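Spelled out from the first residue to the last, the chains are:
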Amino acid sequence: MSTPFFKRTGFHIVVLVGSLLGVTLLAGCAASGPPLVPTPSASASSFGHVHGLGIDGTTGTIYVATHRGLFSVAGSTTSPLRPESLGGPIAGLRQDTMGFTMDGGRMYASGHPDPTVSPERNLGLISSTDNGKNWAVISLNGTSDFHDVEVSHISPGEPTIYGFDGVDNSIQVSRDGGATWTSGATLELRDLAADRAIPGTIYATTSGGLKVSHDFAATFNAISDAPSLYLVASAGTIGQTKLVGVDVSGAVWVKSNDMPWESTGTVEGAADAITISATPIPTILAADQRGIVASSDLGATWRTLVTK
């Protein structure tokens, strides 16, 4: 069954180039119309649906957020692993981790709880500082189920957190680490990516093309020269922005600072999630038809970490 463009469901592919990101439809051309949505890949049996990916920049460990909990795999793996070889989810917690992101040593997530642990319908915003072994509720427990969670910083202190509510298509914004929230734009989107190099800037993939907000998701404008992306990720440091995305044909696109979009490779089949990480080495992570794959050359070549 195909997934509506604006829904954050299915097996997401995360590309790592710096949390790394890669992006092409027609070389150097903007989208000419609403993109079609690739059919989601069949999920690995032990994972269920894959919603997000992350990399620990210190250890290189890769985290896979799924319908059946959070799994980990060593980034140094040289031979493809079967999903069942990873064992159960971390700490045996089988929460449906719909939204997931990593911010240094802290994880943020949302979704639905393990039905054997909690009767609450929605997790709200939760966080972990021990690699997913234990989670603490920050806010919105029982009320919010964010299908995407993104984090950025405007200064030392509490981060800005964005949560996409897949029920009413609203973007909720907290500028105090999740303690209080305000409503941003309402947008039918497929993916969000907060620019960690430019405070207040966040990107969204929509059927009308890639859009950007520079006012903490209050308003969005189309990016006319962007490829027709359905997945996007962002990485970089202050003064250096890097975007990575996947278009509806499976092409990987990259944009750095004011340089034009560049097509750098392809994924296989429909990708469900991407992320990019600059450390320990620039890496793109993706969940596609092959399983969980990684690239250290912006999508030109891939290494399979976990097979379907």
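Residues numbered from 1 in each chain as written. Predicted model: local features only at pLDDT ≥ 70, side-chain atom pairs only at ≥ 80, totals over all residues. Heavy atoms only, no water.

Trainee: How should I be thinking about the pairing of strand β14 (residues 209-213) in this particular structure?
Mentor: A regular strand places its side chains on the two faces of the sheet in alternate fashion. Most of β14 is tucked away: four of the five residues are buried. As defined by bridge partners, strand β13 (residues 202-206) adjoins β14 across five bridges and the pair is classed as antiparallel. By the bridge assignment for β14, Thr206 is matched with Gly209. Linking two consecutive strands that pair antiparallel, namely β13 and β14, is a turn of two residues. Note that β14 and strand β15 (residues 221-222) share two bridges and pair antiparallel. By the bridge assignment for β15, Lys211 is matched with Ala222. (Buried < 20%, exposed > 50% of the residue type's maximum accessible area, 1.4 Å probe, protein only. Helix = DSSP H or I, 4+ residues; strand = E, 2+ residues; numbered from the N terminus. Pairing = 2+ DSSP bridges.)

Trainee: Help me understand the packing of aromatic side chains, please; the structure alone is not making it clear to me.
Mentor: Given two aromatic rings, their pairing is described by the distance between the two centres and the angle made by the two planes. Overall, the coordinates contain one aromatic pair when judged by the stated rule. Pairing Phe146 with Trp181 gives two aromatic rings, centres 5.3 Å apart and planes at 45 degrees, and the pair type is tilted. In this pair, Phe146 sits in strand β8 (residues 146-152) while Trp181 sits in the loop between β10 (170-174) and β11 (182-186), placing the two residues 35 residues apart along the sequence. Like Trp181, Phe146 is buried. (Phe/Tyr/Trp six-rings, centres within 6.5 Å; stacked < 30°, edge-to-face > 60°.)

Trainee: Teacher, can you tell me more about the pattern of salt bridges here?
Mentor: A pair can form between side chains of opposite charge whenever their charged atoms are brought close. Across all of its chains, the model carries four salt bridges by this definition. The salt bridge partner of Arg196 is Asp103, with a shortest N-O separation of 3.6 Å. With a gap of 93 residues between them, Arg196 in the loop between β12 (189-194) and β13 and Asp103 in strand β4 (residues 96-103) connect regions that are remote in the sequence. A salt bridge links Arg290 to Asp288; the nearest nitrogen and oxygen atoms lie 2.5 Å apart. A single salt-bridge network, built from bridges that share partners, covers Glu268, Asp288 and Arg290. (Salt bridge = Lys/Arg side-chain N within 4 Å of Asp/Glu carboxyl O.)

Trainee: Even after reading the chapter, I still don't get the pairing of strand β21 (residues 283-288), so can you show me in this structure?
Mentor: Most of β21 is tucked away: six of the six residues are buried. Of the two faces of β21, both are covered, the one formed by Thr283, Leu285 and Ala287 as well as the one formed by Ile284, Ala286 and Asp288. Both strand β20 (residues 273-277) and β21 contribute to a ladder of five bridges, which runs antiparallel. The residue bridging Ile276 from the neighbouring strand is Ile284, located in β21. Where β21 hands over to strand β22 (residues 291-295), the hairpin turn is made up of two residues, counted between the paired strands.

Trainee: Quick question: what am I supposed to make of the nonpolar core here?
Mentor: Soluble globular proteins: nonpolar side chains tend toward being buried together. Counting residues in each nonpolar core, the largest one holds 17 residues, and the members touching the most others are Val246 and Trp302. Among the secondary structure elements, those contributing two or more residues to this core are β16 (229-237), β17 (240-247), β18 (251-256), β20 and β21. Look past the residues within four positions of Trp302 in its chain and what remains in contact with it is Val252, Thr266, Val267, Ile284, Ala286, Arg290, Val293, Ala294 and Ser295. (Core = buried A, V, L, I, M, F, W, Y, C linked by side-chain atoms within 4.5 Å. Contact = heavy atoms within 4.5 Å.)

Trainee: Looking at this structure, I do not really get the sheet that holds β10. What am I missing?
Mentor: Sheet strands pair by backbone hydrogen bonding; their relative direction is either parallel or antiparallel. Spatial strand order, β8-β9-β10-β11: four strands in an open sheet with antiparallel pairing. Lying at the two open borders of the sheet, with one neighbouring strand each, are β8 and β11. In this sheet, neighbouring strand axes are inclined to one another by 25 degrees on average, regardless of whether the strands run parallel or antiparallel. (Axes fitted to C-alpha atoms, helices over the stretch in contact; angles between N-to-C directions.)

Trainee: I keep staring at the side chain of Asp195 and nothing clicks. Help me out?
Mentor: Along the chain, the position of Asp195 falls in the loop between β12 and β13. Here Asp195 sits buried without a salt bridge, and the closest side chain of opposite charge, Arg196, lies 8.2 Å off (N-O distance). (Lys, Arg positive; Asp, Glu negative; His and termini not counted.)

Trainee: Help me understand the environment of Lys308, please; the structure alone is not making it clear to me.
Mentor: With respect to the secondary-structure elements, Lys308 resides in the segment after β23 (303-307). The spatial distance from the C-alpha of Lys308 to the C-alpha of Arg290 is 6.1 Å, given a sequence separation of 18 residues. Reaching out from Lys308, the side chain makes a polar contact with the backbone oxygen of Asp288 at a distance of 3.4 Å. (Polar contact = N/O pair within 3.5 Å; in protein donor to acceptor, adjacent residues only side chain to side chain.)

Trainee: What should I look at first to understand the environment of Ser174 in this one?
Mentor: Locating Ser174 in the fold gives a position in strand β10. In this structure the C-alpha to C-alpha distance between Ser174 and Val151, which are 23 residues apart in sequence, comes to 9.6 Å. Setting aside chain neighbours within four positions, we find Ser174 in contact with Pro159, Thr160, Ile161, Ala179, Thr180 and Trp181. Within the structure, the side chain of Ser174 is placed 2.7 Å from the backbone nitrogen of Gly178, a separation counted as a polar contact.

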